[in-house]
Amino acid sequence: MSIATVARRQSGLMMFLLVLIALLAPGTVLSAPLPQPVEQGLGSLLDLSLKRNAEINPESFQSLLEYVSHAKGDARDLVPARRYDANGTVLRVTMKTSLSRLMRYCYNPAIPSYLLFPSVLRLGGWYRGSDIVDKDPKPWLHLGKLDKPVALWGSEYEVNAPDSFGGGYYRYDLNRLIILTKFGGKNVLISVSKQKDKSTVGKKAVIIDDGEWSYFYSGINGLNKGMIGWADTYMYDSASVQVFVEDGPNQTSFMLFKWLRAGWMGQNFVQKDHINEGSTRYANAFKKIVESDRLPDPDELAQRVREFSTMSEAELDNKISAYAVAIENIAKKSPAMDKSEFLKVVEGGKYARIMNREERLSAILVEYLKSRLGKTPLVDFPTAAAPRPRAG
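Because the structure is predicted, anything quoted here is derived from the model rather than measured. Here the residue numbering is sequential within each chain, running from 1 through the sequence in written order. The model is predicted, so local features are restricted to residues of pLDDT at least 70 and side-chain atom pairs to those at 80 or more, both for listing and for counting; the totals for chains, interfaces and linings are taken over all residues. Hydrogens are left out, water is left out, and the side-chain values use all remaining heavy atoms of the structure.

Chemist: Can you walk me through the packing of aromatic side chains in this structure?
Modeler: The geometry of an aromatic ring pair is captured by two quantities: the separation of the ring centres and the angle between the planes. Aromatic rings from Phe, Tyr and Trp, with only the six-membered ring used for Trp, were paired whenever their centres fell within 6.5 Å, and each pair was classed as stacked if the ring planes differed by under 30 degrees, edge-to-face if by over 60, and tilted otherwise. Per the counting criterion, the structure on display carries 16 aromatic pairs. Judged by centre distance (5.0 Å) and plane angle (70 degrees), the ring pair of Phe117 and Phe286 falls under edge-to-face. Placement of the pair is Phe117 in the loop between helix H4 (99-106) and strand S4 (121-126) and Phe286 in helix H6 (residues 272-291), with a sequence separation of 169 residues. Phe286 shares its class with Phe117; the two are buried. Note on Phe308 and Phe381: the rings are 5.9 Å apart at their centroids and 90 degrees apart in plane angle, and the pair reads as edge-to-face. With Phe308 in helix H7 (residues 298-309) and Phe381 in the segment after helix H10 (357-373), this pair connects stretches of sequence that are 73 residues apart. Under the scheme used here, helices are H or I runs from DSSP no shorter than 4 residues and strands are E runs no shorter than 2 residues, and both carry numbers assigned from the N terminus. For each residue, the accessible area found with a 1.4 Å probe, counting protein chains only, is set against the maximum for its type, and the residue is called buried under 20%, exposed over 50%, and partly exposed in between.

As C-alpha cells, then:
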C-alpha cells in the first residue's frame, strides 16, 4: 500500500471523526462551575471509594454537604470539573419519601437495583465480600444512632439499559462506598461509585417504549446508530457521587454528580448533554417509582424477588416465552425495530433463547413491577393484592 493511500485513509478517518463529533456535540449552554471546596469534597469521596476501611473524616467533604443542603433548582446547568478524562454533569431532585424508606429499597441486597432504576439498568447486583452483603445488609438501621459516620465498602456489577443517542449496552464493575452521617441535624446518605476497568464491548439495543421501561437487547456487537453501527465501543470509565439529605419526615432531596467516558479507539464521545439525558431518565423513573402509592412494601417486594428467583426452569420458560412473543409483536410495528438483524432475533419467539437465567428473571421482575404500579405488563400475573398504605 502506498504512502499516499495510507495518508488518504487516515485523512478520511479523521474527517469522519470530526463529522461525528459535530453530530453528537450539544449546543452551547450557559453553565457554571462548582466552587473549588465542593470539587475538593468530591475528589476526597472518590478517593475514599478506592480505600477500603479507610478512616472517614467528615471535614473533607463538609463543604460539599453544605452546598447540597442549600442547593435549589434542578442543577443541570452546573458543570463539575473533568475527572478521569471524562465530562460530567449535576442533577438535583426532591422526592416525597423518608431516607429510611428509600434505603430499604435502594440499598437492600434482597432487591436488585434494576427494579428501582429500570430506565437505566438491565442488570445489577452486589458481589460477595461487599459489606452490604456479608456484614451489614440493613444499613438503614444506623439512621437512628448516627453519633459518628458509618461507612460500607463493596463492589457491584451493572448492565445498562440503552441510551437514546447510541443504543448500546455494556457490562461493567463498580467500586461502591456508602457513608451515613449527619449534617445540620439531618440524616445524610452519600453513595460513591467508581468504575473498575473498561466495560465489555458494546452491544446493540433498542428503546421500544421508555415510559413503559420496554427495551430490546440484541446480543449483537456494535451500536444501534446508522453510520457508526459497526463500531466496537466501550465504557472506559465512569464515576458518581450522590448525596441524599432527609429534609423532613417524608421528604428527601438528592444531588447526583456523574462522569462518563465512552467511545471507541480510546476516544471519548460522551458530552455533557448525553449524561444529562441519561441522568434525567434515571431520576424521573426513580422518583415515580418511589413516590407511587402502589409500590409494594420493601419486605413484600423482596419476597416476590425470592419467589421469582426460585422458579423452576419450566415456570420461567413459560413466562419468558410469553414475553418473547410480546416483544416480537411489538417489533412488527416499531420503526426502531425495523432492521433485519433485529427481526431475525425475535422471529418465532427466538428472543427467549438468547437470554440467560439472570436476564430472563430481570425481564420478568420488571414486568411484575409494572403490573403493580399500574402500567401495562407484557406478561400476565395473578391479580396483585390491594396496595398497602405507604409508610413515610
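Chemist: Which parts of the structure should I look at to understand the pairing of strand S7 (residues 171-183)?
Modeler: Within a regular beta strand, the side chains point alternately toward one face of the sheet and then the other, so they alternate between its two faces. Burial runs high along S7: ten of the 13 residues are buried. Pairing between two strands is assigned when DSSP locates at least 2 bridges connecting them. Note that strand S5 (residues 150-160) and S7 share ten bridges and pair antiparallel. Bridging from a neighbouring strand, Glu156 pairs with Leu174 of S7. With ten bridges joining them, S7 and strand S8 (residues 186-195) adopt antiparallel strand pairing. Counted as the bridge partner of Leu174 is Gln195 from S8. Where S7 hands over to S8, the hairpin turn is made up of two residues, of which Gly184 adopts a positive phi near 60 degrees.

Chemist: Where do I start with the side chain of Ser191 in this structure?
Modeler: Here Ser191 is to be found in strand S8. Residue classification places Ser191 among the buried residues on the basis of a relative accessible area of 0%. Within 3.5 Å is the distance limit for a polar contact, defined as a pair of N or O atoms, with the added protein rule that one can donate a hydrogen and the other accept it, and that residues adjacent in sequence qualify only through two side-chain atoms. Separated by 2.9 Å, the side chains of Ser191 and Arg176 make a polar contact. Residues count as neighbours in contact if any of their non-hydrogen atoms are within 4.5 Å of one another. Apart from the residues lying within four places of it in its own chain, the contact partners of Ser191 are Tyr107, Arg176, Leu177, Ser240, Val241 and Gln242.

Chemist: Looking at this structure, I do not really get unusual backbone geometry. What am I missing?
Modeler: Phi is mostly negative for residues that are not glycine, and the peptide bonds are mostly trans. Even without being glycine, Ala75 reaches a positive phi, approximately 70 degrees. Taking the relative accessible area as the measure of exposure, Ala75 reaches 6% and is therefore buried. Of note in this structure, Tyr84 is not a glycine but carries a positive phi near 55 degrees. Looking at the element boundaries, Tyr84 is found in the loop between strand S2 (78-79) and strand S3 (87-95).

Chemist: Explanation requested: helix H3 (residues 62-70) in the structure shown.
Modeler: Those residues of H3 that fall on the buried side of the exposure criterion are Leu64, Leu65 and Val68. Looking down the long axis of H3, one finds its buried residues gathered within 95 degrees of arc, a one-sided arrangement. The inward-facing, buried residues of H3 abut helix H2 (36-48), S7, S8, strand S11 (234-248) and strand S12 (251-264). The directions considered for the arc are those from the helix axis to the C-beta atoms.

Chemist: I'm lost on empty space enclosed by the protein in this one. Help?
Modeler: In this approach the atoms are scanned with a rolling probe the size of a water molecule, which exposes any empty space left behind. In this analysis a 1.4 Å probe is tested at points of a 1 Å grid over the protein atoms alone, and where it fits but cannot get out there is a cavity; an open set with protein on both sides within 12 Å along at least five of seven lines is a pocket; lining residues have an atom within 4 Å of a point. Grid points are joined across faces, edges and corners, and a volume is the space filled by probe spheres set on the points. If you walk through the whole model with that rule in mind, you get one cavity of 30 Å³ or more. Along its surface, the largest cavity is lined by 15 residues, and Arg122, Tyr217, Tyr323, Ser362 and Ala363 are the ones closest to its centre. Among the elements of the structure, S4, strand S10 (214-221) and H10 are those that each provide at least two residues to the lining of the largest cavity. By residue number, the principal contributor to the lining of the largest cavity is H10, which donates five residues. Residue polarity is assigned by list, with Asp, Glu, Lys and Arg as charged and Ala, Val, Leu, Ile, Met, Phe, Trp, Tyr, Cys and Pro as nonpolar; anything else, Gly included, falls into the polar class. Taken together, the residues of the lining of the largest cavity break down into eleven nonpolar, one polar and three charged.

Chemist: What's the story with the sheet that holds strand S6 (residues 168-169) in this structure? I'm lost.
Modeler: Strands belonging to one sheet form pairs held by backbone hydrogen bonds; the direction of such a pair is parallel or antiparallel. Here we have three strands laid out as an open sheet, ordered S6-S9-S10, and antiparallel in their pairing. Two strands lie at the open edges of the sheet, namely S6 and S10, each paired on one side alone. Inspection of the sheet shows S6 paired to strand S9 (residues 203-209) by two bridges, in the antiparallel sense. Pairing of Gly168 across the sheet is with Lys204, part of S9.

Chemist: When you look at the nonpolar core in this model, what are you seeing that I'm missing?
Modeler: One recurring pattern in soluble globular proteins is that nonpolar side chains are buried together. Buried Ala, Val, Leu, Ile, Met, Phe, Trp, Tyr and Cys residues form a nonpolar core when they are joined through side-chain atoms within 4.5 Å. The biggest cluster of nonpolar side chains holds 85 residues, and the ones touching the most others in it are Leu115, Leu116, Phe216, Phe244, Phe286, Tyr323 and Tyr351. Contact partners of Tyr351, with chain neighbours within four places excluded, come to Tyr215, Phe216, Tyr217, Tyr323, Ala324, Ile327, Val345 and Val346. By size, the runner-up hydrophobic cluster in this structure holds 31 residues, among which are Leu42, Ala75, Ala151 and Val192.

Chemist: Looking at this model, I keep getting lost on the confidence of the model for the protein. Mind explaining?
Modeler: Averaged over every residue, the pLDDT of the protein is 90; residues scoring 70 or more account for 89%. For every residue, the predictor reports its confidence as pLDDT, a number between 0 and 100. Segment residues 1-30 is flagged for pLDDT under 50; beyond a separation of four residues in sequence, or across chains, it makes 26 contacts in the model. Of the regions scoring below 50 in pLDDT, residues 384-391 engages in 15 contacts with residues more than four places distant in sequence or in other chains.

Chemist: Before we go on, may I ask you to explain the pattern of salt bridges in this structure?
Modeler: Oppositely charged side chains may form a pair once their charged atoms are brought near each other. Here, a salt bridge means any side-chain nitrogen of Lys or Arg that lies within 4 Å of a carboxyl oxygen of Asp or Glu. Summed over the entire model, instances satisfying the criterion amount to 21 salt bridges. With a shortest N-O distance of 2.9 Å, Lys287 and Glu291 are connected by a salt bridge. Of the two residues, Lys287 and Glu291 are both situated in helix H6; the distance of four residues between them amounts to about one turn of the helix. Between Glu313 and Arg357 there is a salt bridge, with its nearest N and O atoms 2.7 Å apart. Within this pair, whereas Glu313 is found in helix H8 (residues 313-331), its partner Arg357 is found in helix H10, the two being separated by 44 residues in sequence. Shared partners join several salt bridges into a network, and the residues in it are Glu300, Arg304, Glu307 and Arg372.

Chemist: So what exactly am I meant to see when it comes to the packing of H7 against H10 here?
Modeler: When two helices pack together, you describe them by how their axes are tilted relative to each other and by the distance separating the axes. To get an axis, fit a line to the C-alpha atoms, keeping to the stretch in contact for a helix; angles then go from 0 to 180 degrees between the N-to-C directions. Where H7 contacts H10, the two axes come as close as 10 Å, and the packing angle between them is 140 degrees. In terms of their interaxial angle, H7 and H10 are classed as oblique. Handedness of the crossing formed by H7 with H10: right-handed. Contacts from Glu300, Leu301, Arg304, Val305, Phe308 and Ser309 of H7 reach H10 at Arg357, Leu361, Ile364, Leu365, Tyr368 and Arg372. Here the contact of H7 with H10 is built from residues that sort into seven nonpolar, one polar and four charged. Each angle is binned into one of four classes, with values under 35 degrees roughly parallel, values over 145 roughly antiparallel, values of 65 to 115 roughly perpendicular, and all other values oblique. By the definition used in this description, the sense in which the near helix is turned from the far one sets the handedness, with an anticlockwise turn below a right angle giving left-handed and a clockwise turn giving right-handed.

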